[in-house]
Amino acid sequence: MTEIRFDVLAIGNAIVDIIADTDDSFITEQGLTKGSMQLIDEDRAKALYDHMGPAREISGGSAANTLAGLARLGHKTAFIGQVANDQLGNVFAHDIRAGGIHFDIPARDGAPATACCYILVTPDAQRTMNTFLGASQYLPARLIDKDLIESAAILYLEGYLWDPEEPRAAMRTAIDVARAAGRKVALTLSDAFVISRHGPDFLAEMEAGRIDILFANEVEICALHGSDDFEASVAAIAAKVPLLVCTRGEHGAIAVENGVRTTVAAEPVSRLVDTTGAGDLFAAGVFAGIAQNRPMAECLTMGAVCAAEIISHYGARPEADIAELVRNRLG
């Protein structure tokens, strides 16, 4: 059996976030739905960028953000995602490797460009995300390294990447490899729009016993169950996976592991700046706790600590020493 080298290997969108402050009137003028995520094409991306205010460019991508948090917590991680052979692709590759994350997927030549997410942050810290998937949606199954998948204790799949056909096939191949090797498979639902398109796919994977850990927020879990009743949705979906982790924003988070429910409160935040990446860093804390064989209450608390750090500044990569924050919180 292949030796375990990584605590978590993630497959996700390789994206550079372009973040700008804005106000509600700009959101309305641009015909956007505040607080949502929508996919846009390259022309729309250029037009939106031309109208945005001064921006910050920070490497992102949901699963990559989670790995960045895990690496800062002292864990070994690896990433599979596709960038283009361009300036932003070089930025993404440099940042992820500099963060201690294993990444060896070759850049893709030609169009389209590296994926970008144009994030508009209003004064209430809500983020409206406009994603140009670019090269990230052309991740082929041939780049799924069997030995690499087998060398990770947990395979983590980003729901956003389930949408394009080519990476969806790659992720299914990765699930096959992980299951055959006896590794755990985790999935994040990512967004309600993904569920509206692929909810039946996700449910089928769960019912086939191919998903061990499911991450969702309150809106997503209800969308997956097709109900406005949060408790009913949790009960229904928790019955399909060994571990369900569900975040509830300022109301904290819950986990249901083999029928046992654990609840934690949100951590206090002195200044709410930008909610981008809150769920991603919450997942990082939970994965770290799992890797350390901590009780579920501590795993969730670690997630809450990491989420509180990330929403206190712009961008979805940690700026403070989150390992120290966790030590101070849990001892």
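Residues numbered from 1 in each chain as written. Predicted model: local features only at pLDDT ≥ 70, side-chain atom pairs only at ≥ 80, totals over all residues. Heavy atoms only, no water.

Caption draft 1: Layout of the overall build of the chain. Helix and strand counts for the chain stand at twelve helices and 13 strands. Compactness check: the chain gives a C-alpha radius of gyration of 18 Å against a globular reference of 20 Å for 331 residues, within 12% of the reference. Taken along the three principal axes of its C-alpha coordinates, the chain extends 50 × 45 × 40 Å. A total of 331 residues make up the chain; the buried ones form 57% of that total. Put simply, of all contacts in the chain between residues at least 6 apart along the chain, 74% involve residues at least 24 apart. If you sum the accessible surface of the chain, you get close to 13500 Å²; carbon and sulfur atoms cover 48% of it. Each charge sign in the chain was given a centre, from 27 positive and 45 negative side chains, and these centres are 5 Å apart. (Helix = DSSP H or I, 4+ residues; strand = E, 2+ residues; numbered from the N terminus. Rg over C-alpha atoms; globule rule 2.2 N^0.38 Å. Buried < 20%, exposed > 50% of the residue type's maximum accessible area, 1.4 Å probe, protein only. Contact = heavy atoms within 4.5 Å. Areas by Shrake-Rupley, 256 points an atom, 1.4 Å probe, with all protein chains shown as cover. Lys, Arg positive; Asp, Glu negative; His and termini not counted. Charge placed at Lys NZ, Arg CZ, Asp CG, Glu CD.)

Caption draft 2: Main features of the pattern of salt bridges. Counting across every chain of the model gives 16 salt bridges. Here R210 makes a salt bridge to E205, at a shortest N to O gap of 2.5 Å. Look at the salt bridges and you will find they share partners, linking R172, D176, D201, E205 and R210 into a network. (Salt bridge = Lys/Arg side-chain N within 4 Å of Asp/Glu carboxyl O.)

Caption draft 3: Seen up close, the packing of helix α6 (residues 165-180) against helix α7 (residues 192-207). Where α6 meets α7, the axes come as close as 13 Å, and the angle between the chain directions of the two elements is 10°. Taken together, the axis directions place α6 and α7 in an arrangement best described as roughly parallel. Where α6 approaches α7, its residues R168, R172 and I175 are matched on the opposing element by H198, D201 and E205. Looking at the contact of α6 with α7 residue by residue, the classes come out as one nonpolar, one polar and four charged. (Axes fitted to C-alpha atoms, helices over the stretch in contact; angles between N-to-C directions. Parallel < 35°, antiparallel > 145°, perpendicular 65-115°, else oblique. Nonpolar A, V, L, I, M, F, W, Y, C, P; charged D, E, K, R; others polar.)

Caption draft 4: Molecular detail of the pairing of strand β12 (residues 253-257). The buried count for β12 comes to four of five residues, which makes it a mostly enclosed element. Across five bridges, strand β11 (residues 243-247) lies against β12 in antiparallel orientation. Each bridged residue has a counterpart across the sheet, and for L243 the counterpart in β12 is E257. A loop of five residues connects β11 with β12, the two strands running antiparallel in sequence, and G249 in this loop sits at a positive phi of about 60°. Pairing of β12 with strand β13 (residues 260-264), which is carried by five bridges, proceeds in the antiparallel orientation. Paired with E257 across the strands is V260, a residue of β13. In sequence, β12 turns back onto β13 through a hairpin of two residues, with N258 there showing a positive phi of about 50°. (Pairing = 2+ DSSP bridges.)

Caption draft 5: Focus on the sheet that holds β11. As summarised here, the arrangement of the eight strands in space is β5-β1-β8-β9-β10-β11-β12-β13, forming an open sheet in which the pairing is mixed. Sheet topology places β5 (77-80) and β13 at the edges, where each strand pairs with a single neighbour. When the angles between neighbouring strand axes are averaged without regard to direction, this sheet yields 15°. In the packing of helix α3 (residues 62-72) onto the sheet, the strands contacted are β1 (6-11), β5 and β8 (152-158), and the crossing angle to β5 comes to about 165°.

Caption draft 6: Region of interest: the nonpolar core. Among the nonpolar cores identified, the biggest contains 103 residues, and I11, F79, L155, L214 and F287 are the most heavily contacted of them. In this view, L155 contacts L9, I11, I149, A174, I175, A178, K184, V185 and A186; residues no more than four positions away in its chain are not counted. The next biggest cluster of nonpolar side chains, apart from the first, holds 13 residues, and it includes A20, I27, L32 and A45. (Core = buried A, V, L, I, M, F, W, Y, C linked by side-chain atoms within 4.5 Å.)

Caption draft 7: Layout of the environment of V234. Summarising the element assignment, V234 is placed in helix α9 (residues 230-238). Separated by 19 residues in the primary sequence, V234 and A253 place their C-alpha atoms 12 Å from one another. When sequence neighbours within four positions are dropped, the list of residues in contact with V234 reads L244, I254, V256 and R261.

Caption draft 8: Layout of the UniProt feature "domain: Carbohydrate kinase PfkB" (unreviewed entry) in the chain. UniProt marks residues 56-318 with the feature "domain: Carbohydrate kinase PfkB" (unreviewed entry), using the numbering shown here. Taken as a whole, residues 56-318 contains 40% helix and 21% strand, while its terminal C-alpha atoms sit 15 Å from one another. (UniProt positions renumbered as here; feature names shortened; annotations may be inferred.)

Caption draft 9: Up close: unusual backbone geometry. The omega torsion of the bond from A111 to P112 falls at 0°, within 30 degrees of zero and hence cis. With respect to the helices and strands, the residue P112 is situated in the loop between α4 (87-98) and β6 (115-121). Backbone geometry at N258 places phi at a positive 50°, although glycine is not the residue there. By secondary structure assignment, the location of N258 is in the loop between β12 and β13. Its identity is not glycine, yet N293 carries a phi of approximately 60°, on the positive side. Among the secondary structure elements, N293 is positioned in the loop between α10 (278-291) and α11 (296-310).

Caption draft 10: Main features of the environment of R179. Tracing the backbone shows R179 in helix α6. Those residues in contact with R179 that lie beyond four places of it in its chain are V185, G209, R210, I211 and D212. Within the local environment of R179, its side chain forms a polar contact with the side chain of D212, the two groups lying 2.7 Å apart. (Polar contact = N/O pair within 3.5 Å; in protein donor to acceptor, adjacent residues only side chain to side chain.)

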